[in-house]
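Take a look at the letters that make up each chain.
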Amino acid sequence: MRVRSISYALGSFLLVSEIEPVLRFWIDSLGFTKTIEVPDGKTLAFVAFQKESVEVMYQTYASVEKDAPPAMAAAARKGPAYLYLEVDELDAVLTALKGTPKVMPERTAFYGMREFAVQDPAGHFITFAQPAAPP
């Protein structure tokens, strides 16, 4: 039997050496709100940021290595993640991230999206995109 009443919300989960460097990026530059924080001594082990229906979470490698099953923990340090965030005002994001180096310059992709990408302070790649205006 197929269940038809399931709804989904996407929350991205990024692993990092330390969380503190990403706080200003998400809160000050992009206007997200910190909704959850889990301390580990004098530092953070986990944090969640929310803006409207988008949630982005960060957890330290050390925390994952303590909490996750061994196979999952062993894969934690394999490399950066890639996020693709569709926004309604790309120009506002460009302004908010003025001074942040772009790893992909602004472009209009063949699939009709105007986009650019940056690396967050932890090294993860984040592409921001908006549907391009029709020609």
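Residues numbered from 1 in each chain as written. Predicted model: local features only at pLDDT ≥ 70, side-chain atom pairs only at ≥ 80, totals over all residues. Heavy atoms only, no water.

What to know about the pairing of strand β3 (residues 43-51)
Part 1: Of the pairings in the sheet, the one linking strand β2 (residues 33-40) to β3 comprises seven bridges and is antiparallel in character. Looking at β3, one finds that V38 is bridged to F46.
Part 2: Counting the residues in the hairpin turn of β2 and β3 gives two residues, including G41, whose phi is positive at 70 degrees.
Part 3: Two strands pair when backbone bridges link them, and β3 and strand β4 (residues 54-60) are joined in this way by six bridges, in the antiparallel orientation. Each bridged residue has a counterpart across the sheet, and for K51 the counterpart in β4 is V54.
Part 4: In this antiparallel pair of consecutive strands, β3 and β4, the connection spans two residues, and E52 shows a positive phi of 55 degrees. (Pairing = 2+ DSSP bridges. Helix = DSSP H or I, 4+ residues; strand = E, 2+ residues; numbered from the N terminus.)

Points about the layout of surface pockets
Part 1: In this structure, the largest pocket encloses a volume near 380 Å³.
Part 2: What lines the largest pocket is a set of 18 residues, and nearest its centre among them are F32, K51, V87, D88 and V93.
Part 3: Those elements that provide at least two residues to the lining of the largest pocket are α1 (23-29), β5 (82-86) and α4 (90-96).
Part 4: Take the lining of the largest pocket: its biggest share by element is three residues, from α4.
Part 5: When its residues are assigned to classes, the lining of the largest pocket shows ten nonpolar, three polar and five charged. (1 Å grid on protein atoms, 1.4 Å probe; cavity = no way out; pocket = protein on both sides within 12 Å on 5 of 7 lines; lining within 4 Å. Points joined across faces, edges and corners; volume = space filled by probe spheres on them. Nonpolar A, V, L, I, M, F, W, Y, C, P; charged D, E, K, R; others polar.)

Looking at the side chain of T60
Part 1: Tracing the backbone through its elements, the reader meets T60 in strand β4.
Part 2: Residue class for T60 comes out buried when judged on its relative accessible area of 6%.
Part 3: Engagement of the side chain of T60 in a polar contact is seen with the backbone nitrogen of S63, the distance being 3.1 Å.
Part 4: Other than its neighbours up to four places away in sequence, T60 contacts V16, S17, E18, I19, L44 and A45. (Buried < 20%, exposed > 50% of the residue type's maximum accessible area, 1.4 Å probe, protein only. Polar contact = N/O pair within 3.5 Å; in protein donor to acceptor, adjacent residues only side chain to side chain. Contact = heavy atoms within 4.5 Å.)

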